[in-house]
Amino acid sequence: MAVEDDDFERPLRDLEKKIEELTGVPGGEDRSGEIARLARRLETLRQEIFSRLTPWQRTLVARHPKRPYTLDYIGLLFTEFVEIHGDRKYADDPAIVAGFASYKGTPVAIIGHQKGRDTKEKVRRNFGMPRPEGYRKAVRVMEMAEKFQRPLFTFVDTPGAYPGKGAEERGQAEAIAYSLRAMAALTVPIIVTVTGEGGSGGALAIAVGDRLLMLEHAVYSVISPEGCAAILWSDQGKAKEAARAMRITAPDLKDLEVIDDIVPEPAGGAQTDHARQASLLDERLLAHLEDIRSVSASERVECRYQKFRRMGKYGQARFF
Amino acid sequence: MEIAWFKKIRKPKQAVEHKRVQVPEGLWVKCNGCKEIIYKKEVIRNSNVCPKCNYHFRISARERLTSLFDDGRYQEVDTDIYSIDPLKFRDTKAYKDRLREYREKTGVNDAVINARGTMGGLQLMMSVMEYGFMGGSMGSAVGEKVTRAIERALDEKIPLVIICCSGGARMQEGVLSLMQMAKIAAALAKLHAARIPYISVLTDPTTGGVTASYAMLGDLNIAEPKALIGFAGARVIEQTIREKLPENFQRSEFLLEHGMLDFIVERREMRDILIRCIRLLYNADLLAAAAPATPAGGDVESIASRSGGASSATAGPRSREPLPFPGTFVARQQTPGTELQ
Ligand SMILES: [Zn+2]
């Protein structure tokens, strides 16, 4: 059961293999008809499977190792990227990339989590889990974005802030808190896109924006499904239940009035076609940027404040 | 100002006066520090601190409030905010039932109490977290109440003290709990720009999303001795780095050593220290002089203009100028603790 649930792409792989086999075998005319039929079935099946992913399956898609990462989006959507490094205090954190680039001719600031593609790079990027220095570098870019009045784009994709000894010693909590406060006070337009995993405070630290976008299969949560399961069910194996219970998918967050927009993904997920995904995102980024640029700085800051001010659901009644 | 203050109460109907709490039942108590059995009255007389080993017993939010405000009297506000169950969350038990049980057990709506009162004659807003209510966890109700406390401090131009005591964000409200961190930090950005002092008091325990938002954003971050303070849980860290953590890891003394706290203060001295700090930081002349301002007036003026007292309702938020960018970037020359690496 568990394996089936996790390996939801298996029927697609089987079909692909079949097509491959048929293509490879020299044969008569009638084969091409069958291949075309199977290819059509593959596409239908892919759409079918991806249209009814469970929250846990979406989590797996969001963590897919071939998904586009921040540097991929930077390459596909921006030009003249200049990456900056270091927090000027302690170190550079490769789990967060930050810098400036041109977006359709407009100079902009960019901050994003960065995961690695191969083993070596994964380790170097610390699997996209920032240390305090990453957030302090991010704040440097925010500060410059403000100083030079450049719109800010952030790309969120992290399992969470790194739970390490040094990270605690150097003030992981303070670094995140400081970034939250700094971001809330920026007067420039800020567009946040959760591209993969929105893992807790480590994600939120660069996600206080005027517009919050989420890719169709991205997830965003207060704790990982595994972490939630371990604490509330005392069983990491209950991650699927936790994923469902916590309401972590893009449609969930839209319902909960946390995000503004869901960016569609190509059938089969962002990982199947980076360029297509980038162009789908581009469309939304441009529309939102134009929208928030049209209001005054003061209105923008107050709207952002009110946006977060409204988040949360509580009741009002007196019990005592 | 003393008189005007009472007129500025937003919702007078909510105001509840509280007096000193009575001594809890049970004659003896076992100390978690030295494991000795101690006469309870003696512990209470000693500010709920073990007279033998100085262990600081965890105390309720109400005990905190009475021990800090003048004559133990304060005015509770925002008493009607309570948690609902927005996700219809159920783990081993339904969240809704858990909430009801904790309300009955603790006699408070949720894990924080907002109160207004005087300390050493100084008016201030205080939010005190109640660990007894689901481990002081922060969901939408806690987020809303803390935000309201900040906004009250801003409106009334009075200092803010938050006593933190929390296991972090409340999982049962999912991402909504996470968003409270941003909501509160945004409100603190306004308070910061308005030059109204905020003192964060970290008590045992202060962890997770609470630490990574308001607990670490005080003008002063102060802690009680040996309080557990951190972001990630020690067990998670040990599993990640596969090594044993030092004895005092994530304790107040450890954080002080690494530059994350301003100082550690014993409970019996907390009130006096808070009063002294507020006196030293709170600049009433500056805030008064800053009052109605021109948009170009710069940092403090533009923010303070909102705080025209209770009548400020007419001055809608949209008419206000942008918040200045927090000016502390330049002040943060070095990250504390870097030399120790
Ligand atoms: Zn003791």
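S.K.: Can you walk me through the pairing of strand S6 (residues 211–215) of chain A in this structure?
M.R.: Regular strands show a simple pattern: their side chains alternate between the two faces of the sheet. Residue and element names in this part refer to chain A. The element S6 is largely enclosed, with a buried count of five among its five residues. Burial of S6 is two-sided: the residues Arg 211, Leu 213 and Leu 215 facing one way and the residues Leu 212 and Met 214 facing the other way are all buried. Sheet analysis places strand S5 (residues 190–199) next to S6, joined by four bridges and oriented parallel. Looking at the pairing, Val 194 lines up with Met 214 of S6. For S6 and strand S8 (residues 261–263), the ladder comprises three bridges, and the chain directions are parallel. Bridge pairing links Met 214 to Ile 262 in S8.

S.K.: Which parts of the structure should I look at to understand the domain arrangement of chain B?
M.R.: Residues and elements named next belong to chain B. Under the domain assignment used here, chain B contains domain 1 (30–59), domain 2 (62–280) and domain 3 (283–307 + 317–322). The centre of domain 1, based on its C-alpha atoms, is set 23 Å off from the matching centre of domain 2. Residue-level contacts link seven residues of domain 1 with 10 residues of domain 2. Here the side of domain 1 that touches domain 2 is composed, by residue class, of two nonpolar, four polar and one charged.

S.K.: So what exactly am I meant to see when it comes to the packing of helix H5 (residues 140–156) of chain B against helix H6 (residues 174–193) of chain B here?
M.R.: A packed helix pair is summarised by two numbers, namely the angle formed by the two axes and the spacing between the axes. All names here are of chain B. Their axes nearest at 9 Å, the elements H5 and H6 cross at an angle of 5 degrees. The angle between H5 and H6 falls in the class roughly parallel. Across from Ser 140, Val 142, Gly 143, Val 146, Thr 147, Ile 150, Glu 151, Ala 153 and Leu 154 in H5, the residues of H6 making contact are Leu 176, Gln 180, Lys 183, Ile 184, Ala 187, Leu 188, Lys 190 and Leu 191. Split by residue class, the contact of H5 with H6 holds 10 nonpolar, four polar and three charged.

S.K.: Any chance you could explain the nonpolar core here in plain terms?
M.R.: With 171 residues, the main nonpolar core has Leu180(A), Leu160(B) and Ala185(B) as its most contacted residues. With 14 residues, the top contributor of residues to this core is H6(B). Here Leu180(A) is in contact with Leu204(A), Ala205(A), Val208(A), Met181(B), Ala182(B), Ala185(B) and Ser213(B), once residues within four sequence places are set aside.

S.K.: Is there a simple way to think about the interface of chain B and chain A in this case?
M.R.: Accessible area lost upon the coming together of the parts serves often as the stated size of an interface. If you look at the interface, chain B gives 69 residues, while chain A gives 63 residues. Counting residues per element, the ones that place at least two in the side of chain B that touches chain A are strand S5 (81–83), H5, H6, helix H7 (208–211) and helix H8 (234–241) of chain B. The element best represented in the side of chain B that touches chain A is H6(B), accounting for 16 residues. Relative to S5(B), strand S9 (residues 314–316) of chain A runs antiparallel, the two being bridged by three bridges. Across the sheet, Gly315(A) pairs through a bridge with Tyr82(B), a residue of S5(B).

Rules used throughout
Residues numbered from 1 in each chain as written. Chains lettered and ligands numbered in written order. Predicted model: local features only at pLDDT ≥ 70, side-chain atom pairs only at ≥ 80, totals over all residues. Buried ≥ 20, exposed ≤ 12 C-beta atoms within 10 Å, placed from the backbone. Helix = DSSP H or I, 4+ residues; strand = E, 2+ residues; numbered from the N terminus. Pairing = 2+ DSSP bridges. Domains from an automatic or database assignment. Contact = placed C-beta atoms within 7 Å. Nonpolar A, V, L, I, M, F, W, Y, C, P; charged D, E, K, R; others polar. Axes fitted to C-alpha atoms, helices over the stretch in contact; angles between N-to-C directions. Parallel < 35°, antiparallel > 145°, perpendicular 65-115°, else oblique. Core = buried A, V, L, I, M, F, W, Y, C linked by C-beta atoms within 7 Å.

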